[in-house]
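Chain by chain, the residues:
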Amino acid sequence: MSKMDSPRQSRRNFLAAGAGVAASVLAKPALAGGGNPANQPPNVPEWSKALGEGVAVRPYGKPSKFEKDVVRRDVEWLTASRESSVSFTPLHELEGIITPNGLCFERHHGGIAEIDPADHRLMIHGLVERPLILTLEELKRYPRVNRIHFMECAANSGMEWRGAQLNGCQFTHGMIHCVQYTGVSLRTLLEEAGVKTNGKWLLVEGADAAAMDRSLPIEKALDDCIIAYKMNGEALYPEQGYPMRLVVPGWQGNLWVKWLRRIKVGDQPWHTREETSKYTDLLPNGKARRFTWSMDAKSVITSPSPQAPIKHGKGFTIVSGLAWSGNGKVKRVDVSLDGGRNWWPARIDGPVLDKALTRFYYEFDWNGEPLLLQSRVQDETGYVQPSKAELRKIRGVNSIYHNNGIQTWHVQANGEVENVEVA
Amino acid sequence: MVRSRMSKSLKFIAGALVACALAAPSLAQQKTDVKAGPRYHIGRAPTADEIRGWDIDVRPDGQGLPEGKGSVAQGEKLFMDNCSTCHGEFGEGNGRWPVLAGGKGSLTSDNPVKTVGSYWPYASTVFDYVRHAMPYGNAESFSVDEYYALVAYVLYLNDVITDQNFELSNKNFTTIKMPNEQGFVMDDRAATEKSFWQKDPCMKDCIAPVKITARAAAIDVTPEDSKDKKSRGVE
């Protein structure tokens, strides 16, 4: 990455899209678009003369080398080891609603399990008429469903409970992704196994070195859960649970057990470590909420944002963002330029799907004055995304999970953007 | 679950019909028979041995506890050899590794310390978790007796067990009560956060003009920044 030598580029903008290109653009104001004049009109650029690589030289494609900064990143101080840690989706570089497989955030408790599908088994037992053990190939013989859903870690934005801390929506909101899953309806398998009348809960368990286990109520299991083996058309990536994972639409990511190996039907919840010591929301009175599964409606402006500053100066400006709700579809999104005092309806573009990311835009003529940019979603249940102050009033600041408060980006006159709190 | 009103034998017949339909070129018949719960006869029943190998979960009521026993003293040795590097000799935690003991009375403070003793509602959770995932990097490698011993020691570190000679077993396990068992409430967002559901969200002059009150730049912990990292942390 070239040196940030423009006064308009602070070291804070290190992750700006194609920062090398951007910096040289700004360093050479005489050029209309920056870059190398030898490759620009009226000259014939080198790639228009010499032959490029042939087919299958890149048998599995990857993004242009000029997009190499569009990657998952982690926050090293967050955790003790990288095997039990999290990486973040670069939301500020993405558009639409689908997350590319290689950019879906990761959360592992015992590292990525590299599983030979020939050896993987899914076992269903407990309070069922017919216990089952299945190979991946057998699972693929069951009727398939395709569903697009977001998956959000309950701790997404958890570092921001006490105030603005991280500069970049990759870090404040990047524990989310949205892909199309293909797999088998969990209901289909439970019917095949025949759940007994006293079967009220499922224990779902992974095959990695953490063998994470969680309790799932039977109502949700029979409603819309999927055992998925494909994401965005191809096999699950190992870091997303290859060869199979659970999909629990609208509910916190921790329930979406990866490397799924076992489903046990029981009559009570198990109160595993993940649903007692973790994923319980501590309130100011010392009590903690448990079984807070669903993810409340939330939104964030992905650009401009700290890693995606405005580089063009004043003029026509596109605000792009994401909205979602674990309780259904997005109904509307509003955008504020003055920290929540006044709001304007955003334009939603692309599909509005149940429990999926929804893309919104707000286009306006920026006069170059500083902005306090916010977005606010309302879902189809009528739930309106609260301000951080409203949320803290009820939950305090020690909940860790389910921080869905309205995010504020301070856009400065020079186009730089900072994560701030307002009151 | 939508359960068929048909008798078991009728269900069986329906299942058999579905199986025939699957073998036939058309699947139309299966689609009309959803209420009976179509069966596909794909996969097999696991053997008792296969289930036994993976069936390692434990519930608060003791369901799933394997036969075995281990003492606090035995657990202490195992803990020192296998766990203390990360968790500290007294469960105080090293670096960012989890703190296992202490933290009593901290849940209403500005810095709640959530440990087995201060936070976890059930002792079964310790057994379930430790046997699933510990020792870190060599999971499920201890014997059942060793897991009992380790759990006994962790409970001892938390003053839940006070006798150093105590031997924890599947027979006495459910007598263990944890201090914070009553510290949990069910998800009550629909009631306590009712005000978040609104018909028409405010659009104009909703609040007084705002000012910036805090900045992420002042905290300065965003990755790839060269300055010293001060963190507020999150688990």
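Quick caveat, the model's predicted, so the values are computed rather than measured.

### Notes on the overall build of chain A
So, step 1. Counting its regular elements, chain A contains six helices and 24 strands.
So, step 2. Whereas a compact globule of 423 residues would reach a radius of gyration of roughly 22 Å, chain A reaches 23 Å, a difference of no more than 12%.
So, step 3. Considered along the principal axes of its C-alpha atoms, chain A spans approximately 75 × 60 × 40 Å.
So, step 4. Each of the 423 residues in chain A was classed as buried or not, and the buried ones make up 63%.
So, step 5. Within chain A, residue pairs in contact and separated by at least 24 positions form 71% of the contacts whose partners lie at least 6 positions apart.
So, step 6. Carbon and sulfur atoms form 54% of the exposed surface of chain A, whose accessible area is close to 15,000 Å².

### A few points about the packing of aromatic side chains
So, step 1. Scanning the entire structure with this criterion turns up 20 aromatic pairs over all chains.
So, step 2. Measuring from centroid to centroid gives 6.0 Å for W201 of chain A and W293 of chain A, while their planes differ by 55°, and the two rings are tilted. In this pair, W201 of chain A is assigned in strand β8 (residues 201–206) and W293 of chain A in the loop between β15 (288–290) and β16 (298–303), connecting sequence segments 92 residues apart. Each member of the pair, W201 of chain A as well as W293 of chain A, is classed as buried.
So, step 3. Relative to Y153 of chain B, the ring of F79 of chain B has its centre 5.1 Å away and its plane inclined at 55°; by these criteria the two rings are tilted.

### A word on the nonpolar core
So, step 1. Among the nonpolar cores identified, the biggest contains 106 residues, and L186, L202, L216 and I227 of chain A are the most heavily contacted of them.
So, step 2. Once residues lying within four places of it in the same chain are set aside, the contact partners of I227 of chain A are L122, L139, G183, V184, L186, L189, M244, R245, L246, L260 and I263 of chain A.
So, step 3. Core analysis: the next-biggest nonpolar cluster, separate from the first, contains 38 residues, V72, F79, A123 and V154 of chain B among them.

### Side note on the sheet that holds strand β22 (residues 371–379) of chain A
So, step 1. Strand order in the open sheet made by the six strands is β19(A)-β18(A)-β22(A)-β23(A)-β24(A)-β4(B), with antiparallel pairing throughout. Edge strands, defined here as strands with exactly one partner in the open sheet, are β19 (344–345) of chain A together with β4 (212–215) of chain B.
So, step 2. By the bridge criterion, three bridges tie β22 of chain A to strand β23 (residues 408–411) of chain A in an arrangement that is antiparallel. Counted as the bridge partner of L372 of chain A is H410 of chain A from β23 of chain A.

### Some details on the state of the cysteines
Residue and element names in this part refer to chain A.
So, step 1. On inspection of all chains with the given rule, the structure shows one disulfide over all chains.
So, step 2. Looking at the unpaired C104, the closest cysteine sulfur is the one in C178, lying at 8.9 Å.
So, step 3. Of the cysteine sulfurs around C169, a residue in no disulfide, the closest is that of C104, at 15 Å.

### Notes on the pairing of strand β21 (residues 358–366) of chain A
In regular strands, side chains alternate between the two faces of the sheet.
Residues and elements named next belong to chain A.
So, step 1. β21 sits mainly inside the fold: seven of its nine residues count as buried.
So, step 2. Where strand β17 (residues 315–324) lies against β21, nine bridges are found, and the strand directions are antiparallel. Each bridged residue has a counterpart across the sheet, and for G315 the counterpart in β21 is W366.
So, step 3. Relative to β21, strand β20 (residues 347–348) runs antiparallel, the two sharing two bridges. Pairing of I348 across the sheet is with F360, part of β21.

### A word on helix α4 (residues 186–193) of chain A
Every α-helix carries 3.6 residues per turn, so stepping three or four residues along brings you back to the same face.
So, step 1. Extensive coverage of α4 of chain A is indicated by the burial of seven of its eight residues.
So, step 2. Within α4 of chain A the residues assigned to the buried category are L186, T188, L189, L190, E191, E192 and A193 of chain A.

### Comments concerning empty space enclosed by the protein
Residue and element names in this part refer to chain A.
So, step 1. Counting across every chain of the model gives six cavities of 30 Å³ or more.
So, step 2. Roughly 200 Å³ of internal volume is contained in the largest cavity.
So, step 3. If you trace the largest cavity, you find 17 residues lining it, with R107, H109, G253, N254 and K258 closest to the centre.
So, step 4. Of the volumes computed, that of the second largest cavity is approximately 90 Å³.

### Points about the interface of chain A and chain B
So, step 1. Of the residues lining the interface, 115 residues belong to chain A; the matching set on chain B comes to 90 residues.
So, step 2. Summing both sides of the interface, chain A and chain B together bury roughly 9,100 Å²; the carbon and sulfur share of this comes to 54%.
So, step 3. Contact with chain B buries area across many residues of chain A, yet W77, R290 and R341 of chain A alone supply 8% of it, more than any other trio.
So, step 4. Between the two partners, chain A and chain B, sit 13 salt bridges.
So, step 5. Here D55 of chain B and K264 of chain A are joined by a salt bridge, their closest N and O atoms 2.8 Å apart.
So, step 6. The tally of links from chain A across to chain B stands at 49 residue pairs in polar contact (both at pLDDT 80 or more).
So, step 7. Sheet analysis places strand β24 (residues 417–422) of chain A next to β4 of chain B, joined by three bridges and oriented antiparallel. Residue pairing for β4 of chain B: V420 of chain A is matched across the bridge by R215 of chain B.

Cut-offs and rules
Residues numbered from 1 in each chain as written. Chains lettered and ligands numbered in written order. Predicted model: local features only at pLDDT ≥ 70, side-chain atom pairs only at ≥ 80, totals over all residues. Heavy atoms only, no water. Helix = DSSP H or I, 4+ residues; strand = E, 2+ residues; numbered from the N terminus. Rg over C-alpha atoms; globule rule 2.2 N^0.38 Å. Buried < 20%, exposed > 50% of the residue type's maximum accessible area, 1.4 Å probe, protein only. Contact = heavy atoms within 4.5 Å. Areas by Shrake-Rupley, 256 points an atom, 1.4 Å probe, with all protein chains shown as cover. Phe/Tyr/Trp six-rings, centres within 6.5 Å; stacked < 30°, edge-to-face > 60°. Core = buried A, V, L, I, M, F, W, Y, C linked by side-chain atoms within 4.5 Å. Pairing = 2+ DSSP bridges. Disulfide = S-S within 2.5 Å. 1 Å grid on protein atoms, 1.4 Å probe; cavity = no way out; pocket = protein on both sides within 12 Å on 5 of 7 lines; lining within 4 Å. Points joined across faces, edges and corners; volume = space filled by probe spheres on them. Buried area = accessible area lost by both parts, 1.4 Å probe. Salt bridge = Lys/Arg side-chain N within 4 Å of Asp/Glu carboxyl O. Polar contact = N/O pair within 3.5 Å; in protein donor to acceptor, adjacent residues only side chain to side chain.

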